[in-house]
Amino acid sequence: MVVLITGGAGYIGSHTCVELLQAGYEIIVLDNYRNSHPESLKRVEQITGRGFKVYRGDLLDEKSIEKVFIENNIEAVIHFAGLKAVGESVQIPLMYYECNINGTIKLCNVMKKYNVKNLVFSSSATVYGVPERIPISEDAALEAQSPYGRTKQMIEEILRDLYVSDQEWSIALLRYFNPIGAHESGLIGEAPNGIPNNLMPYITQVAIGKLKVLNIFGNKYPTKDGTGVRDYIHVVDLAKGHLKALEKVSSATGVEAYNLGTGKGYSVLEIVEAFEKAANIKIPYRIVEPRKGDIAICYADPSKARRELGWTAEKEIEEMCMDSWRWQSRNPNGYVEDSIVLQ
Ligand code: NAD
Ligand code: UD1
């Protein structure tokens, strides 16, 4: 099967490319490298020993999407491409709505034109907003709290409307919890631009000496130790979930949302401790004011994905920390040339 991967050069996309290639799929990547580097795709080739076509193009340019469909016999699409920084989305909301929503509409227009109606979409647990019940199941109310989150919520609604209009579509809405970790090779991983917003890349940059101290956003939450609790999932487990979702959309029409998480919650302090143990490095931290918009506890009820996709996250927190550290320590500057440290 030939699968188009939009945003395939990014963090989750590159790991999914590896899993797809290793499972025998043909893949085509479309990416504008807005938040990634072509080197990640070279590393995907290095890991898998398989080549694939890459198109540098923007989803906002319908012609460049169409070129991919004209030149290849695409049978399904996994759609990662989009902007993802919550804080930035508050500063430049129009760019987020334009890129994420218009980009998805243009992609679906081209898919429809070429009669490709199998789609796996990257949604996010952020669509739940402040959850009423924990663990969070897919039927919980959706109340995204940021422009970024609202783009995901709106795209989910657009895709549901698309299915209502034409029941040949088959769409999986994957609501990711908190992906961390990296491929065990240490060749691909998360390479954020500038100072990281998310916990694990911040910790690894403190560990490598790029940042001095971890700021822990509040310790008065109603949690076991007062710090925020999240459902951290290994990015390779997450990538494998896409293969299961692809099988599902290839076998039945419909539109379904799935939580991709482990179902376990870890606090910030527990993550710091697990990382220190895995990397054998002390992480200096200080408690600062809570971050605006943060919630206390968020973890998934992943039973629907287990039941309907036959998927369960397997990797534990120790492995997530070890793999995050291997990636960061071997690639202190991410994908910037010559940054790999040979050991
Ligand atoms: P990423 O930024 O690493 O990857 C996104 C990729 O899309 C990048 O390679 C970027 O260059 C590309 N891209 C962006 N806009 C584009 C456009 N207009 N045209 C073509 N390419 C474009 O992000 P990621 O962490 O791999 O996330 C992938 C998807 O999963 C995103 O949609 C994100 O919102 C969603 N998601 C991520 C997380 C997370 O914590 N990483 C959590 C929930 C959901
Ligand atoms: C953030 C996004 C969310 C997105 C998710 C995964 C916000 C408000 N939410 O969620 O929309 O889906 O990332 O990409 O940005 N923490 C610290 N210090 C830090 C960084 C984080 O203490 O320097 C804490 C946070 O308060 C939180 C936990 O670590 O309790 C995890 O934070 P983070 O990795 O940013 O993920 P989320 O807050 O879940």
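For the structure, check the block above.
This write-up is about the structure you can find in this document. Source: prediction; values computed, not measured.

Here the focus is the overall build of the protein chain. Along the backbone of the protein chain there are eleven helices and 14 strands. Compactness check: the protein chain gives a C-alpha radius of gyration of 19 Å against a globular reference of 20 Å for 343 residues, within 12% of the reference. For the protein chain, the spread of C-alpha atoms along the principal axes amounts to about 55 × 50 × 40 Å. Counting all 343 residues of the protein chain, 55% fall into the buried class. Nonlocal contacts in the protein chain, meaning residues at least 24 apart in sequence, comprise 79% of its contacts between residues at least 6 apart.

Let us look at the nonpolar core. With 43 residues, the main nonpolar core has I5, L20, I27, I78, L174 and L246 as its most contacted residues. Here this core gets seven residues from one element, more than from any other, and that element is helix 8 (residues 235–251). Residues I28, L107, V116 and I171 belong to the second largest nonpolar core, which totals 27 residues.

If you check the shell around ligand 1, you find 26 residues, and the closest are D31, N35, S36, K84 and Y148. Interatomic distance of 3.2 Å between a side-chain N/O atom of N32 and a nitrogen atom of ligand 1. One nitrogen or oxygen atom from the side chain of Y148 is found 2.7 Å from an oxygen atom belonging to ligand 1. Contact with the protein chains covers 95% of the free accessible surface of ligand 1, which is 820 Å². Mapped onto the shell around ligand 1, the elements with two or more residues apiece are helix 1 (11–22), strand 5 (118–124) and helix 6 (147–165). Counting residues per element, the shell around ligand 1 draws most heavily on strand 5, which supplies three residues. Tallied by class, residues from the shell around ligand 1 come to eleven nonpolar, ten polar and five charged.

The N-to-C vectors of helix 7 (residues 199–207) and helix 9 (residues 268–279) enclose an angle of 40°; their axes lie 11 Å apart at closest approach. With respect to their mutual orientation, helix 7 and helix 9 come out oblique. Between helix 7 and helix 9 lies a crossing of right-handed hand. Between helix 7 and helix 9, the contacting residues are L199, M200, I203, T204 and A207 on the first element and V268, I271, V272 and F275 on the second.

Let's shift gears to the sheet that holds strand 14 (residues 297–298). Strand order across the open sheet formed by three strands is 12-9-14, with mixed pairing between neighbours. Across the chains shown, the open sheet's two edge strands, defined by having one partner strand only, are strand 12 (266–267) and strand 14. As paired elements, strand 9 (residues 229–230) and strand 12 share two bridges and run antiparallel to each other. Opposite R230, over in strand 12, you have Y266 as the bridge partner.

One pass over the full model with this rule turns up 15 salt bridges. Between D323 and R326 there is a salt bridge whose closest N-O contact spans 2.7 Å. Residue D323 and its partner R326 are both found in helix 11 (residues 317–330); the two are separated by three residues, about one turn of the helix. Residues joined in a network through salt bridges with shared partners are K117, D166 and E168.

Basis of the calculations
Residues numbered from 1 in each chain as written. Chains lettered and ligands numbered in written order. Predicted model: local features only at pLDDT ≥ 70, side-chain atom pairs only at ≥ 80, totals over all residues. Heavy atoms only, no water. Helix = DSSP H or I, 4+ residues; strand = E, 2+ residues; numbered from the N terminus. Rg over C-alpha atoms; globule rule 2.2 N^0.38 Å. Buried < 20%, exposed > 50% of the residue type's maximum accessible area, 1.4 Å probe, protein only. Contact = heavy atoms within 4.5 Å. Core = buried A, V, L, I, M, F, W, Y, C linked by side-chain atoms within 4.5 Å. Near = heavy atom within 4 Å. Polar contact = N/O pair within 3.5 Å; in protein donor to acceptor, adjacent residues only side chain to side chain. Areas by Shrake-Rupley, 256 points an atom, 1.4 Å probe, with all protein chains shown as cover. Nonpolar A, V, L, I, M, F, W, Y, C, P; charged D, E, K, R; others polar. Axes fitted to C-alpha atoms, helices over the stretch in contact; angles between N-to-C directions. Parallel < 35°, antiparallel > 145°, perpendicular 65-115°, else oblique. Left-handed = near helix turned anticlockwise from the far one by under 90°. Pairing = 2+ DSSP bridges. Salt bridge = Lys/Arg side-chain N within 4 Å of Asp/Glu carboxyl O.

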